[in-house]
Amino acid sequence: MKTVIYYNVTTGESFDQDGSLRSSNNPFSASYGERRTFEWHLITSTTSDPDISQWPKWKDWDITPHSAVIAADDNYLAAHPGHLKNSVSGSTNAISVTVKSSPEMIAPAGNLRIFNPDQSFLIIPYTAVNTISDGFVFSAELADTELTAGTRIDIMEQPLVSAVMNANSSIEQGIFSFDLTLSGARLTEKMEYSDIELLTAKGLELCVSGIDPDTSEQTVILRCQVPFVIKNVLTPLDLFK
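The rules behind each value
Numbers given for residues are sequential positions, taken from 1 along each chain in its written order. The predicted origin of the model limits local features to residues at a pLDDT of at least 70 and limits the giving and counting of side-chain atom pairs to 80 or more, whereas totals for whole chains, interfaces and linings rest on all residues. Side-chain calculation: all heavy atoms of the structure are included, whereas hydrogens and water are not. Between any two strands, pairing holds if DSSP finds at least two bridges. Each helix is a run of DSSP H or I of at least 4 residues and each strand a run of E of at least 2, with the numbering of both proceeding from the N terminus. Between N-to-C directions, angles span 0 to 180 degrees; the directions come from axes that are lines fitted to C-alpha atoms, helices contributing only their stretch in contact. Note on classification: 1.4 Å probe, protein chains only; a residue is buried when its accessible area is under 20% of the maximum for its type, exposed when over 50%, partly exposed between these limits. Two aromatic rings from Phe, Tyr or Trp, using only the six-membered ring of Trp, form a pair when their centres are within 6.5 Å; if the ring planes differ by under 30 degrees the pair is stacked, by over 60 it is edge-to-face, and anything between is tilted. Two conditions define a charge sitting above a ring: the NZ of Lys or the CZ of Arg must be within 6 Å of the ring centre, and it must be within 35 degrees of the ring normal. Any Lys or Arg side-chain nitrogen found within 4 Å of a carboxyl oxygen on Asp or Glu counts as a salt bridge. Each direction from the helix axis to a C-beta atom contributes to the arc, which is the arc of those directions. By definition, residues are in contact when any of their heavy atoms lie within 4.5 Å.

*Asks:* Where do I start with the sheet that holds strand β7 (residues 79-84) in this structure?
*Replies:* Sheet strands pair via backbone hydrogen bonds, and the direction of the pair is either parallel or antiparallel. Strand order around the closed barrel formed by 6 strands is β7-β8-β11-β10-β9-β12, with antiparallel pairing between neighbours. Each adjacent strand pair in this sheet contributes to an overall mean axis angle of 45 degrees, direction not counted. Two elements, β7 and strand β12 (residues 152-156), share 5 bridges in a ladder whose sense is antiparallel. Paired with Pro81 across the two strands is Asp154, which belongs to β12.

*Asks:* Honestly, the pairing of strand β13 (residues 161-164) in this entry has me stumped. Any pointers?
*Replies:* Each regular strand carries side chains that alternate between the two faces of the sheet. Residues Val161 and Ala163 line the buried face of β13, whereas the alternating positions Ser162 and Val164 sit on a face that is not buried. As paired strands, strand β6 (residues 65-73) and β13 are joined by 4 bridges and run antiparallel to one another. Note that in β13 the partner of Val69 across the bridge is Val164.

*Asks:* For this particular structure, what's the right way to read the packing of aromatic side chains?
*Replies:* Any aromatic ring pair is given by two values, namely how distant the centres are and how the planes are angled relative to each other. Inspection of every chain in the model, using the stated rule, returns 7 aromatic pairs. A centroid spacing of 6.1 Å and a plane angle of 50 degrees characterise the contact between Tyr7 and Trp40, whose relative ring orientation is tilted. Placement of Tyr7 in strand β1 (residues 2-8) and of Trp40 in strand β5 (residues 35-43) is noted, with a sequence separation of 33 residues between them. Note on accessibility: Tyr7 and Trp40 belong to one class, buried. Members of the aromatic cluster, each reached through a chain of ring pairs, are Trp58, Trp61 and Phe176. The cationic tip of Arg22 hangs over the ring face of Phe28; the distance from NZ or CZ to the ring centre is 5.0 Å. Above the ring of Phe115, the side-chain terminus of Arg152 is found at 4.0 Å from the ring centroid.

*Asks:* Where do I start with the pattern of salt bridges in this structure?
*Replies:* Between side chains of opposite charge, pairing is possible as soon as their charged atoms come close. This structure, assessed with the given rule, holds 8 salt bridges. Ionic pairing is found between Arg36 and Glu34, a salt bridge with its closest N-O pair at 2.9 Å. Under the relative-accessibility criterion, Arg36 is labelled buried at 11%. Salt bridges sharing partners connect three or more residues here, namely Arg113, Arg152 and Asp154.

*Asks:* Is there a simple way to think about helix α1 (residues 185-192) in this case?
*Replies:* Each α-helix winds once per 3.6 residues, and so residues spaced three or four apart point in a common direction. Three or more residues of α1 are buried, namely Leu187, Thr188 and Met191. All buried residues of α1 project into a common sector of 100 degrees when viewed along the axis, lining one side. Summarising the geometry of α1, the exposed residues directed more than 90 degrees from the buried face are Ala185 and Glu189. Buried residues belonging to α1 abut β13, β15 (198-211) and β16 (218-231).

Printed below as a string of structure tokens:
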């Protein structure tokens, strides 16, 4: 089954293939264990044309996109907010982060989201983590990045489910296609080992990246989110209730 999403990059609104506006009151949904194709069409505005495929497409890329991924989570790629405990420089690979409420589990490897003063941010991978009295110490390569004490640093969680862009996507037309199977370690724990019937995820997120010609580094050039719900599977006991 294919789910088509039209996403207005100007307003952040999302629509289905019939032009119906989507919100948290009627989110896109899929069942746990289901394989589905999600096709995102980026648009710049809406019109009165009933044929939604004719709405203006997003093509104004400052950096040519070359890869994209979608992921679903209970908090848009959930993150635990924290702050840099000590001032460090790029000459060290140890980052000490304090958090207000310590997460129950931090992945042994993952990503940190480091915010700049202008609220832009960097995603830095870490390869190890140790617990301290008021937070965590991460092993991460900062290169020439200079940080000061108090810098906001989010500890990123792994998404519930994710998929990489299909080769048949038409990125020059703002069309991104993904085959997504709703299964995974975090999702299995939430769905199979609890009595919940569905998980109201805050969003399904599209992240598009490209190579910055000035730095030759990969950079995120677009993020989009839409409301999303993951339904549970029926067990044999459910069928005879």
